[in-house]
Number of protein chains: 2
Amino acid sequence: MDVETESLGEFEFECGESIELDVAYETYGDYTGDNAVLVCHALTGSQHVAGHGEDKGTSGQAAAWWDDVVGAGKAVDTNDWFVVCVNVPGSCYGTTGPASENPETGEAYGPDYPPVTVTDWTRAQRLLLEIIGVDSLHAVVGGSVGGMNVLEWAKLYPDFVRKLVPIATAPRLDSQCLALDAVARRAILSDPNYQGGRYYEGDPPDDGLALARQIGHIMYLSKHSMEEKFGRRAARKDPSDDAYVSEDPTSRFFPYRDVESYLDYQAERFTSRFDANSYLYIMRAMDEYDLAEGFDDDGDALAAYSGETLVVSFTGDWHFTVEQSEDLVESFRDAGVDVEHHVVESDYGHDAFLVEPEKVGPPVKEFLEG
Amino acid sequence: MDVETESLGEFEFECGESIELDVAYETYGDYTGDNAVLVCHALTGSQHVAGHGEDKGTSGQAAAWWDDVVGAGKAVDTNDWFVVCVNVPGSCYGTTGPASENPETGEAYGPDYPPVTVTDWTRAQRLLLEIIGVDSLHAVVGGSVGGMNVLEWAKLYPDFVRKLVPIATAPRLDSQCLALDAVARRAILSDPNYQGGRYYEGDPPDDGLALARQIGHIMYLSKHSMEEKFGRRAARKDPSDDAYVSEDPTSRFFPYRDVESYLDYQAERFTSRFDANSYLYIMRAMDEYDLAEGFDDDGDALAAYSGETLVVSFTGDWHFTVEQSEDLVESFRDAGVDVEHHVVESDYGHDAFLVEPEKVGPPVKEFLEG
């Protein structure tokens, strides 16, 4: 494994604004000329897709988030495949993002960072691959907004890639997800510490970011898995152990629940590893993604792609539904693409693509090797 | 119609704390000795269940929230039934609540208000009915947490009521709803204006309350109805018209969406009519409600009730699901209660009991008269 950063020079974003952009990436395995697999990370993930027994000092999805799927002898076998993963522009794991220093001011970009899109991510990945000498991709694989990133490859660079694996994703978010994401953004924006996005010299808007993450976290779990995991059980600890908010006056009679304790604990872990502006920017990139943009429809957007596709979806996922994946499969068919749809029976919700590697790995392995 | 307030004197809450409690209520129709129907309002509703062409100066659910169902010649016909609706303790429409003056301090109760339960609501309703001379109920009808209030009547006062109509409700919330409600409470608590609940002399925690309401609002709509109503359309107005938060830096490239505009507008209306502490207290009463508490199970809790029951549920409701109503119906059967389950086909989500009166009214009418 190598962790590297490359400069893309002056990079013009889709919005028309330009900055000097460095991108952080990792590679696994050896490049043989035709074995490159690009893995696209999800919203709060990083380029650190798999570990090698080392502690990278990150946590959550940033800590070897697909270590059970990618590696030597694993489903995406790094003995066979040269795996590349790039931290997307807007994120905060090494690629120039809102928390990075703006060379013109000597301060963090903050709200001066360009509004970023999934198209920008895809273009940055393509430029990075050129720099490191990769001139075609055997496959692009990714889940959630990383799956949107996969779809964008078929749309922007249809001749560059032979196989696509969009997982737990959709050509665009529906209104319910847009609404929940909008509330999450408002939670950050209405935190007085947000300071119009220029909070890097003071206290960051952690309360707002915690709320935003908790909303997201609930979206990633299924109703059923939450009921199984937490039910209505009281936590075995005191709110002061986890809760990030001041005391609720009703808590003098009612319990602190396990599900609250879990969400509070996860939120605290998250705020220590993620930048609030990055969350705003890349969540917005996800919200704004629309495969059909600039085309008549999704099938039209995919029409130039002539490789193969494996769509993977999860029955318990209410964020990116099986029905949305079915529609996506139809669009690939309309575009004349050889496509399979693998529906995973799972209670876990959207998170299943991360927490049930044993259900995701085998179909992906077979498809990459087939 | 009469709007009245009665003093219940010193009222001891389930938590053991006591305050002087006034309750606000309205009645419709004439009492004949055996025709009283208690209607229980939902989370942010009021005693003003139906209007008489008058403007009450309230909005949202507080403005004659079931005017299409209750009234002369309507499904709950006030020519036949003497309808009573009581503002629940903890709310802010006339019944003593957190925003009311504490006579001991001359200031609002705020966080000194007793943590309140659905049991307290039910006991307060019973005391009020005694005071106004109602010594039995033909029926208790209510939706959402008002439906929990209905169930509590069967548990606390099984001989006082002959018919129950719990609508769009459940014997207890599941873990997903608890989690979303917990995040909503954290939004209020983490607003610096909350000031430990003593904000009545300053600016109220409207940003937090707006976030809390937006989370709730999304829970009341269905995925399908949101997609139909808003899709991904951009709003035809500027964020400054509605948005209650400072500008999102990504908004210089991306649109303000219709669904955001709707949620912002609704949140602003809500914060102007509702008290943040009331929202905390009564949401917590809903979260903590558990029909089986103190009994072996739900059937055991209902065993002393010998009247009839009509359970109404809605196919698009993901907050209080049809499955939860099926379980409730089973529990009534276990308890030997004559019970029907009316499942309404609806895309509207939890809100259907308010916004599709034409689907709710007829079965309720038939059941009350049958």
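On a predicted model such as this, the values are computed, not experimentally measured, just so you know.

A. The interface of chain B and chain A, seen in detail. Each partner contributes to the interface: chain B provides 68 residues, whereas chain A provides 68 residues. In total, chain B and chain A occlude about 5,600 Å² of area from one another, counting both sides; carbon and sulfur atoms represent 61% of this. If you sort the residues of chain B by the area they bury against chain A, Arg186, Lys223 and Arg232 of chain B come out on top, with a joint share of 14%. There are 16 salt bridges connecting chain B and chain A. Residues Arg185 of chain A and Glu260 of chain B are paired through a salt bridge, measuring 3.8 Å at the closest nitrogen-oxygen approach. Counting every contact that joins chain B to chain A gives 42 residue pairs in polar contact (both at pLDDT 80 or more).

B. Expanded view of unusual backbone geometry. Residue and element names in this part refer to chain A. In this structure, Gln195 takes a positive phi of about 55 degrees despite not being glycine. Note on placement: Gln195 falls in the loop between α3 (175–189) and α4 (206–220). For Gln195, a relative accessible area of 56% gives the class exposed.

C. Up close: the pairing of strand β11 (residues 308–314) of chain B. Residue and element names in this part refer to chain B. Across the 7 residues that make up β11, a large majority, 6, are buried. Inspection of the sheet shows strand β10 (residues 161–167) paired to β11 by 3 bridges, in the parallel sense. By the bridge assignment for β11, Lys163 is matched with Glu308. Summarising the sheet, β11 and strand β12 (residues 338–344) pair through 7 bridges and their orientation is parallel. Its bridge partner being in β12, Thr309 is matched across the sheet by Val339.

D. Main features of the pattern of salt bridges. Throughout the structure, instances matching the rule amount to 40 salt bridges over all chains. For Asp67 of chain A, the salt bridge is made with Lys74 of chain A, and the minimal N-O distance between the two is 3.7 Å. For Lys74 of chain A, a relative accessible area of 28% corresponds to the partly exposed category. One continuous salt-bridge network, built from bridges that share partners, spans Arg185, Arg186, Arg284, Asp287 and Glu288 of chain A together with Asp248, Arg257, Glu260 and Asp264 of chain B.

E. The arrangement of the environment of Lys74 of chain A in detail. Residues and elements named next belong to chain A. Structurally, Lys74 is set in the loop between β4 (70–71) and β5 (76–77). Here Lys74 is in contact with Asp67, Asp68, Val69 and Lys365, once residues within four sequence places are set aside. Within the structure, Lys74 has its side chain in polar contact with the backbone oxygen of Asp67 (distance 2.7 Å).

F. Here's a closer look at the packing of aromatic side chains. Evaluated as defined, the whole model comprises 33 aromatic pairs over all chains. The interplanar angle of 90 degrees and the centroid separation of 5.2 Å between the aromatic rings of Phe11 of chain A and Phe13 of chain A together place this pair among those described as edge-to-face. Comparing Phe11 of chain A with Phe13 of chain A shows no difference in burial state: the two are buried. Directly above the aromatic system of Phe367 of chain B lies the positively charged group of Lys163 of chain B, at a separation of 5.0 Å from the ring centroid. Seen from the ring of Phe270 of chain B, Arg213 of chain B lies directly overhead, with NZ or CZ sitting 4.3 Å from the centre.

G. Layout of the domain arrangement of chain A. Residues and elements named next belong to chain A. According to the domain assignment, chain A contains domain 1 (2–173 + 290–369) and domain 2 (177–279). Opposite the 26 residues of domain 1 that make contact, domain 2 presents 24 residues. At the boundary of domain 1 with domain 2, total buried surface from both sides reaches about 2,200 Å², with 57% on carbon and sulfur atoms. Connecting domain 1 to domain 2 are 1 salt bridge. Measuring nitrogen to oxygen at the nearest pair gives 3.1 Å for the salt bridge that ties Asp112 to Arg198. Taken together, domain 1 and domain 2 are joined by 10 residue pairs in polar contact (both at pLDDT 80 or more). Here the side of domain 1 that touches domain 2 is composed, by residue class, of 12 nonpolar, 11 polar and 3 charged.

H. The arrangement of the environment of Val344 of chain A in detail. Residue and element names in this part refer to chain A. Looking at where Val344 falls in the secondary structure, it is placed in strand β12 (residues 338–344). Residues Val344 and Lys359 lie 15 residues apart in sequence; the distance between their C-alpha atoms is 6.9 Å. Sequence-distant contacts of Val344, defined by excluding residues within four places in its chain, comprise Val312, Ser313, Phe314, Thr315 and Lys359.

I. Just the relation of the copies chain B and chain A, in detail. Superposing chain B onto chain A takes a rotation of 180 degrees plus a shift of 0.0 Å along the axis, which leaves an RMSD of 0.0 Å. On the angle and the small slide along the axis, the relation comes out as a two-fold axis. Most of the interface of chain B is mirrored in chain A, where 100% of its interface residues are also at the interface.

J. Region of interest: the nonpolar core. In terms of nonpolar packing, the biggest core is built from 184 residues, with Leu137, Tyr279 and Phe332 of chain A together with Leu137, Tyr279 and Phe332 of chain B touching the most fellow members. Aside from chain neighbours lying at most four places away, what touches Leu137 of chain A is Ala36, Leu38, Leu129, Trp153, Phe160, Val161 and Arg162 of chain A.

K. Examining the layout of surface pockets more closely. Roughly 1,000 Å³ of volume is contained in the largest pocket. Surrounding the largest pocket, 31 residues form its lining, Lys223 and Trp318 of chain A together with Gln176, Trp318 and Thr321 of chain B being those nearest its centre. Where the lining of the largest pocket is concerned, the elements lending two or more residues are α5 (223–229) and α10 (322–334) of chain A together with α5 (223–229) and α10 (322–334) of chain B. The element best represented in the lining of the largest pocket is α5 of chain A, accounting for 4 residues. Here the residues of the lining of the largest pocket sort into 5 nonpolar, 13 polar and 13 charged.

L. Layout of the packing of helix α7 (residues 258–273) of chain A against helix α3 (residues 175–189) of chain B. Between α7 of chain A and α3 of chain B, whose axes approach to 9 Å, the crossing angle comes to 55 degrees. Viewed along their axes, α7 of chain A and α3 of chain B adopt a mutual orientation that is oblique. Where α7 of chain A crosses over α3 of chain B, the handedness of that crossing is right-handed. In this structure, α7 of chain A contributes Val259, Glu260, Leu263 and Asp264 of chain A to the contact, and α3 of chain B contributes Ser175, Leu178, Ala179, Ala182, Val183, Arg185 and Arg186 of chain B. Among the residues forming the contact of α7 of chain A with α3 of chain B, the class breakdown is 6 nonpolar, 1 polar and 4 charged.

M. Quick look at α3 of chain A. All names here are of chain A. Across its 15 residues, α3 extends 21 Å between first and last C-alpha, which sits within 8% of the 21 Å expected from 1.5 Å per residue. Buried residues dominate α3, accounting for 15 of its 15 residues. A side-chain oxygen of the first residue of α3 lies 3.2 Å from the backbone nitrogen of Gln176; this N-cap is Asp174.

N. View of the side chain of Gln47 of chain A. Residues and elements named next belong to chain A. Within the element layout of this structure, Gln47 appears in the loop between β3 (36–40) and β4. When its relative accessible area of 6% is taken as the criterion, Gln47 is described as buried. Separated by 2.8 Å, the side chain of Gln47 and the backbone oxygen of Tyr93 make a polar contact. Contacts of Gln47, omitting those with residues within four sequence positions, involve Ala24, Tyr25, Glu26, Tyr28, His41, Cys85, Val86, Asn87 and Tyr93.

O. Representation of the confidence of the model for chain A in the model. On average, chain A scores 94 in pLDDT, and the residues at 70 or more come to 96%. Predicted complex, confidence summary: ipTM 0.94, pTM 0.95.

Thresholds, definitions, all that
Residues numbered from 1 in each chain as written. Chains lettered and ligands numbered in written order. Predicted model: local features only at pLDDT ≥ 70, side-chain atom pairs only at ≥ 80, totals over all residues. Heavy atoms only, no water. Contact = heavy atoms within 4.5 Å. Buried area = accessible area lost by both parts, 1.4 Å probe. Salt bridge = Lys/Arg side-chain N within 4 Å of Asp/Glu carboxyl O. Polar contact = N/O pair within 3.5 Å; in protein donor to acceptor, adjacent residues only side chain to side chain. Helix = DSSP H or I, 4+ residues; strand = E, 2+ residues; numbered from the N terminus. Buried < 20%, exposed > 50% of the residue type's maximum accessible area, 1.4 Å probe, protein only. Pairing = 2+ DSSP bridges. Phe/Tyr/Trp six-rings, centres within 6.5 Å; stacked < 30°, edge-to-face > 60°. Lys NZ or Arg CZ within 6 Å of the ring centre and 35° of its normal. Domains from an automatic or database assignment. Nonpolar A, V, L, I, M, F, W, Y, C, P; charged D, E, K, R; others polar. Least-squares fit on C-alpha atoms with pLDDT ≥ 70 in both. Core = buried A, V, L, I, M, F, W, Y, C linked by side-chain atoms within 4.5 Å. 1 Å grid on protein atoms, 1.4 Å probe; cavity = no way out; pocket = protein on both sides within 12 Å on 5 of 7 lines; lining within 4 Å. Points joined across faces, edges and corners; volume = space filled by probe spheres on them. Axes fitted to C-alpha atoms, helices over the stretch in contact; angles between N-to-C directions. Parallel < 35°, antiparallel > 145°, perpendicular 65-115°, else oblique. Left-handed = near helix turned anticlockwise from the far one by under 90°. Expected span 1.5 Å × (residues − 1). pLDDT = per-residue confidence, 0-100.

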